[in-house]
Amino acid sequence: METKDILFKLRSEKGVSQDELAAQLFVTRQAVSRWETGETVPNTETLKRLSSYFDVSINTLLGSPRQLICQCCGMPLDDSSISREPDGSFNEEYCKWCYDGGTFVYHSVGELTDFLVEHMPLGSWTKEEARSYFEKLLPTLRHWQDQSGT
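Keep in mind that what you see is a predicted model, and the values were worked out from it rather than measured.

**Q** Go over the overall build of the chain with me, naming the residues and quoting the values.
**A** Along its length, the chain carries 8 helices and 4 strands. Relative to its length of 150 residues, the chain is extended, with a C-alpha radius of gyration of 19 Å against a globular reference of 15 Å. Along the longest, intermediate and shortest principal axes, the C-alpha atoms of the chain span 60 × 30 × 25 Å. When burial is assessed residue by residue, the chain has 35% of its 150 residues classed as buried. In the chain, the proportion of contacts linking residues at least 24 apart, taken out of those at least 6 apart, comes to 41%. Looking at charge distribution, the chain has the averaged site of its 15 positive side-chain charges lying 5 Å from that of its 23 negative ones.

**Q** Quick one: what's the story with the packing of helix H2 (residues 18-25) against helix H4 (residues 44-54), residue by residue and with numbers?
**A** Viewed as axis vectors pointing N to C, H2 and H4 meet at an angle of 115°, and their least axial separation amounts to 10 Å. Classified by the angle their axes make, H2 and H4 are roughly perpendicular. Considering the relative orientation of H2 and H4, their crossing is right-handed. In this structure, H2 contributes Leu21, Gln24 and Leu25 to the contact, and H4 contributes Arg49, Leu50, Tyr53 and Phe54. Across the contact of H2 with H4, the residue classes break down as 5 nonpolar, 1 polar and 1 charged.

**Q** Can you tell me about the pairing of strand S2 (residues 90-95), naming the residues and giving the values?
**A** Counting buried residues in S2 gives 5 out of 6 residues, a clear majority hidden from the surface. Here strand S1 (residues 82-84) pairs with S2 via 3 bridges, running antiparallel. Its bridge partner lying in S2, Ile82 is registered against Cys95. Two successive antiparallel strands, S1 and S2, enclose a turn made up of 5 residues, where Gly88 displays a positive phi of approximately 95°.

**Q** Describe the state of the cysteines, with residues and values.
**A** On inspection of all chains with the given rule, the structure shows 0 disulfides. With no disulfide of its own, Cys73 lies closest to Cys98 among cysteine sulfurs, the gap being 3.8 Å.

**Q** Could you give an account of the packing of aromatic side chains, naming the residues involved and the relevant values?
**A** If you walk through the whole model with that rule in mind, you get 7 aromatic pairs. Summarising the aromatic geometry, the rings of Tyr106 and Phe115 are spaced 5.6 Å apart at their centres and angled 45° between planes, so their arrangement reads as tilted. Ring pairing ties together the aromatic residues Tyr94, Tyr99 and Phe104, which thus form one cluster. Against the face of Tyr53 rests Lys14, its NZ or CZ located 4.4 Å from the ring centre. One cation-aromatic arrangement involves Arg84 over Phe90; the distance from NZ or CZ to the ring centre is 4.0 Å.

**Q** Tell me about the nonpolar core, and please be specific about residues and values.
**A** Among the nonpolar cores identified, the biggest contains 20 residues, and Cys70, Cys72, Cys73, Cys98, Leu112, Leu138 and Trp144 are the most heavily contacted of them. Those elements giving two or more residues to this core turn out to be S2, helix H6 (109-119) and helix H7 (127-137). Setting aside residues up to four positions removed in sequence, Cys72 forms contacts with Tyr94, Cys98, Leu112, Leu138, Leu141, His143 and Trp144. Ile6, Leu21, Ala31 and Tyr53 belong to the second-largest nonpolar core, a separate cluster that totals 16 residues.

**Q** Please provide a residue-by-residue account of the packing of H6 against H7, values included.
**A** Relative to each other, H6 and H7 sit at 140°, their axes nearing to 9 Å. Relative to H7, the element H6 lies oblique. Between H6 and H7 lies a crossing of right-handed hand. Contacts between H6 and H7 pair Thr113, Asp114, Leu116, Val117 and Glu118 from the former with Lys127, Ala130, Arg131, Phe134 and Glu135 from the latter. Tallied by class, the residues present in the contact of H6 with H7 amount to 4 nonpolar, 1 polar and 5 charged.

What counts, and where the lines are drawn
Residues numbered from 1 in each chain as written. Predicted model: local features only at pLDDT ≥ 70, side-chain atom pairs only at ≥ 80, totals over all residues. Heavy atoms only, no water. Helix = DSSP H or I, 4+ residues; strand = E, 2+ residues; numbered from the N terminus. Rg over C-alpha atoms; globule rule 2.2 N^0.38 Å. Buried < 20%, exposed > 50% of the residue type's maximum accessible area, 1.4 Å probe, protein only. Contact = heavy atoms within 4.5 Å. Lys, Arg positive; Asp, Glu negative; His and termini not counted. Charge placed at Lys NZ, Arg CZ, Asp CG, Glu CD. Axes fitted to C-alpha atoms, helices over the stretch in contact; angles between N-to-C directions. Parallel < 35°, antiparallel > 145°, perpendicular 65-115°, else oblique. Left-handed = near helix turned anticlockwise from the far one by under 90°. Nonpolar A, V, L, I, M, F, W, Y, C, P; charged D, E, K, R; others polar. Pairing = 2+ DSSP bridges. Disulfide = S-S within 2.5 Å. Phe/Tyr/Trp six-rings, centres within 6.5 Å; stacked < 30°, edge-to-face > 60°. Lys NZ or Arg CZ within 6 Å of the ring centre and 35° of its normal. Core = buried A, V, L, I, M, F, W, Y, C linked by side-chain atoms within 4.5 Å.

Pasting the structure below:
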């Protein structure tokens, strides 16, 4: 879906007119109309306000052009699993289990690895195989790279 279609769908589902949405976002009705016809796309600040107003991520507003993954544990993200900042805005870098209200839950790769190995459905993997997988994956994620200074 394109941004224009997503905005129209979200606005319709919420039952607000273009005028009402424009007033909420401090833009003109014509701006909303241009977004919904695909003539323009909202700027970054307006996307943030739309994200808050409709309670969806910016990635969703843009038609999910990126497959988001948690930069702490590697889990795929969608709007139901994306973390939130203390002000309620989405943080599209982390899942809500790794980053909660502005605070990281896990303080080391080892701590997170132990948790994941104990709680993931292993299927055909042994615990040792799961541990090996996470020990290779986690250090490649942005959060752990930032922690190690690399």
